[in-house]
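Here is how the chains run, residue by residue.
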Amino acid sequence: MSNVRSMPVSPVPRSTRKNPPGGADHFRHALDAVQVGVLTFNRSLGVLFANKRFAAMLDMDIQPNPGVTTLTDVLDACAVFKGASAQQVLEICLASIAADEGGTGMLPMMVETGERTYAVQASRIADDYWMASFDETTERRVAAASAVQLATLDTLTGLPTRQHFQDRIRHIMVLAAKDEPEPALVMLVDLDRFKTVNDTLGHPIGDALLRLVAKRFGFIFRQNDMVARLGGDEFGILVTPAPDQETAAKLARRIVDVLGRPYLIDGHLINIGASVGLASAGRDGLNYDQLLRSADLALYASKNAGRNTFSFFDIGMDQRAVARRNLEIDLRRALALRQFELHYQPQIDLDRDTLVGFEALIRWNHPERGLVSPLDFLPLAEEIGLIVALGDWVLREACQQAARWPEEVAVAVNVSPRQFDDAGRLVGSIAKALTASGLPGGRLEIEITEGVLLRNDADVLTALHQIRALGVRVAMDDFGTGYSSLSQLHSFPFDKIKIDRSFMTDRGDVDGQNAIIRAITALGVSLGMATIAEGVETSEQLARIRTEGCTSVQGYLFSKPVPVSQIDQVMLDLAARRFALPLS
Ligand code: C2E
Ligand code: MG
Ligand code: MG
């Protein structure tokens, strides 16, 4: 490490320059004196300031160019951050910018660089400025690691621990002669539905179940194979020497079969399943980390394939994981860089013959790919949990927008089942979006899909009632697909049923479709719920749904979803059209 210094990288932003205690120098000296590395940056990730401790601790070897240096440049110039750890720091910073959108505070994240570990935390400090702090926790980590090493057996199941498992694999891989291409086979096993057992029957039963699972492994593997508990409901098995592919498949099938048989604990009959991922040392990984990553990707493939099955690692999994990971990074960045926008599609009331609302539909304005459809990124956003912050943004943005419309025009916002994981939080977000925009609750409608109710969760129903108590209407989206059933409509007093657009085709069994639409509208009438037909594209379809008694309609016939800039025009166009008259 060369000389240690503090770096004014670009002019300090006006908002932070306002009356710093004792002047800007004083402020900088103070930051230089602290024992934590500090870095400040703006929304476009331009670096403004780094204190002395930052440069010293992270072996930074550049003199940043004022106003030009970005966070990526700084990370590139820090000898200790390479590849994954630099990416992690970048993501923490991006997450803090994104979190600011949702107003959540960030907890410190551990970033490991090989020899050293840092607790990294980023938060907003002024209007458009953020600060990241870096605290080295290496010594603390080493102490904790040796404590773990002492305990090589898991106290609950009596199986070897992750540490022990790791040591053994490392040992084997070092010892394996070069001419022994596959010295060992690793299997990762994850229990399906274990969490449900734990949550519904309680931890003592969950613990007893894990002990029984450990015992059953004993029926499958020999003494010199190692079965370890890696944590939670995850187990790792090391088979040496590696059996041939066929035998490996047989073993994996046995795991799925044996662990999947019912368990009887304290009078409860418990059914769980197991997913397995397999990877061979040597072929699928030259060191412990690579090998475990391969086995993990294979495990992930098994879960994706519907669980209760096993998969061998293959190289395609790696490529897909990289593509997915890139999309994930892009997505996280997109929220911070404000690349999302909402388009709005009008909803028309057929009785009153007027525009009554717009549905807000998200688009990703990707710098290279252009407008990306929600169907291409929402599933991943849901999987990685980003949907929560994204959903909050959609709510805030849609309410702000609707507050500018005539007061008889409402806005409908789609809410994903994942947003109900923390149902209380969702209610809070909705209330906040209303307060911040000044939009009356009666002008907001949320659309949920059956996935929300399938969970049969008391918290979800409580939240839905709280949402209704805010005056907000609740609609059941895409009705008629999947498992939609009468019982769902009975479980909550929905304001509206949205009939899925798959019933709107002109081909195939049109009579059958009409009969379904008729049945749903009749159901709506008897339950006191409005019905809206989605995806109406032609005047024939409009005539059909009118005959069947739908109360409102949405579809390309009236307008595609449009950006904010075209909303006024759509309102004017619709006001000039008479919908009650058959359109020619
Ligand atoms: P959805 O809520 O059922 O929205 C209706 C979809 O049908 C929209 O697709 C809309 O553009 C499309 N559509 C409307 N009229 C017609 C028509 O006449 N013909 C045809 N062929 N299509 C029509 P989009 O915008 O691609 O959205 C797809 C789905 O993504 C939505 O289905 C919704 O489930 C989800 N989604 C969109 N925005 C959000 C959001 O902000 N949050 C959440 N959680 N989900 C969203
Ligand atoms: Mg919808
Ligand atoms: Mg729909």
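Structure: above.
All of the points below concern the structure found in this document.

Definitions and limits used
Residues numbered from 1 in each chain as written. Chains lettered and ligands numbered in written order. Predicted model: local features only at pLDDT ≥ 70, side-chain atom pairs only at ≥ 80, totals over all residues. Heavy atoms only, no water. Phe/Tyr/Trp six-rings, centres within 6.5 Å; stacked < 30°, edge-to-face > 60°. Helix = DSSP H or I, 4+ residues; strand = E, 2+ residues; numbered from the N terminus. Buried < 20%, exposed > 50% of the residue type's maximum accessible area, 1.4 Å probe, protein only. Lys NZ or Arg CZ within 6 Å of the ring centre and 35° of its normal. Donors = N, O, S within 2.8 Å, 3.2 Å for Na, K, Ca; no water. Axes fitted to C-alpha atoms, helices over the stretch in contact; angles between N-to-C directions. Parallel < 35°, antiparallel > 145°, perpendicular 65-115°, else oblique. Left-handed = near helix turned anticlockwise from the far one by under 90°. Contact = heavy atoms within 4.5 Å. Nonpolar A, V, L, I, M, F, W, Y, C, P; charged D, E, K, R; others polar. Pairing = 2+ DSSP bridges. Near = heavy atom within 4 Å. Polar contact = N/O pair within 3.5 Å; in protein donor to acceptor, adjacent residues only side chain to side chain. Areas by Shrake-Rupley, 256 points an atom, 1.4 Å probe, with all protein chains shown as cover. 1 Å grid on protein atoms, 1.4 Å probe; cavity = no way out; pocket = protein on both sides within 12 Å on 5 of 7 lines; lining within 4 Å. Sits in = over half its atoms within 2 Å of the grid points.

Geometry of an aromatic ring pair is reported as the spacing of the ring centres plus the angle between the planes. Counted under the stated rule, the structure contains 13 aromatic pairs. With 6.2 Å between their ring centres and 50° between their planes, phenylalanine 81 and phenylalanine 134 make a pair best called tilted. With a gap of 53 residues between them, phenylalanine 81 in the loop between α4 (71-76) and α5 (83-102) and phenylalanine 134 in strand β6 (residues 129-136) connect regions that are remote in the sequence. With relative accessibility at 0%, the residue phenylalanine 134 sits in the buried group. Plain terms: the ring middles of phenylalanine 310 and phenylalanine 312 are 6.2 Å apart, the flat faces sit at 85° to each other, and that makes the pair edge-to-face. Three or more aromatic residues link up through ring pairs in this structure, and these residues are Phe54, Phe81, Tyr118 and Phe134. Over the face of the ring belonging to tyrosine 263 we find arginine 216, whose NZ or CZ atom lies 3.5 Å from the ring centre.

Turning to the coordination of the magnesium ion (ligand 2), a few remarks are in order. Glu359 (OE), Asn414 (OD1), Glu447 (OE) and Asp477 (OD) make up the full set of protein donors to the magnesium ion (ligand 2), lying at 2.0 to 2.2 Å. Donor residues for the magnesium ion (ligand 2) sit on one chain with the sequence pattern E-x54-N-x32-E-x29-D. Distance-wise, the magnesium ion (ligand 3) is placed 4.0 Å from the magnesium ion (ligand 2), both being coordinated by aspartate 477. Of this pair, glutamate 359 sits in strand β15 (residues 354-366) while asparagine 414 sits in strand β17 (residues 410-414); the two residues are 55 residues apart in sequence, bridging distant segments of the chain. With a relative accessible area of 28%, asparagine 414 lands in the partly exposed category.

Let's shift gears to the packing of helix α15 (residues 423-437) against helix α17 (residues 458-469). Between α15 and α17, the shortest axis-to-axis distance is 9 Å and the interhelical angle comes to 15°. On the basis of the axis angle, α15 is roughly parallel to α17. Pair α15 / α17 crosses with right-handed handedness. Between α15 and α17, the contacting residues are Ala423, Leu426, Val427 and Ile430 on the first element and Asp459, Ala463, Gln466 and Ile467 on the second. When the residues that make up the contact of α15 with α17 are grouped by side-chain class, the tally is six nonpolar, one polar and one charged.

Further remarks concern the coordination of the magnesium ion (ligand 3). For a metal bound by four donors in a tetrahedral arrangement, the ideal donor-metal-donor angle is 109.5 degrees, while six donors in an octahedral arrangement ideally sit at 90 or 180 degrees. Taken together, Asp477 (OD), Asp478 (OD), Glu534 (OE) and Glu534 (OE) make up the protein donors of the magnesium ion (ligand 3), found 2.0 to 2.4 Å from the metal. Coordination of the magnesium ion (ligand 3) draws on donor residues from a single chain, spaced D-D-x55-E in sequence.

Turning to the packing of helix α7 (residues 162-175) against helix α11 (residues 288-304), a few remarks are in order. Axes are the key here: two packed helices are described by the angle between their axes and the distance separating the axes. Between α7 and α11, the shortest axis-to-axis distance is 10 Å and the interhelical angle comes to 115°. The element α7 and its partner α11 pack so that their crossing is right-handed. Each of Arg162, Phe165, Gln166, Ile169, Arg170 and Met173 in α7 lies in contact with α11, whose residues at this interface are Tyr288, Asp289, Leu291 and Leu292. Its residues placed into classes, the contact of α7 with α11 shows six nonpolar, one polar and three charged.

Turning our attention to the sheet that holds strand β12 (residues 273-280). Strand order in this open sheet of five strands is β8-β9-β7-β12-β13, and the pairing throughout is mixed. Each end of this open sheet is capped by a strand with a single partner; those strands are β8 (226-231) and β13 (310-312). Averaged over neighbouring strand pairs, the angle between their axes works out to 20° when direction is ignored. Here β12 runs beside β13; their pairing, made up of three bridges, is parallel.

Let us look at the site of ligand 1. Near ligand 1 you find 23 residues, and of these Arg363, Asn414, Asp477, Glu537 and Tyr556 are the closest. Within the backbone of tyrosine 556, an N or O atom sits 2.8 Å from an oxygen atom of ligand 1. Contact with the protein chains removes 86% of the 800 Å² of surface that ligand 1 exposes when unbound. At a threshold of 2 Å from the grid points, most atoms of ligand 1 map onto the largest pocket. Every element with two or more residues in the shell around ligand 1 is listed here: β15, α13 (374-383) and β19 (473-479). Broken down by element, the residue count for the shell around ligand 1 peaks at four residues, all from β15.

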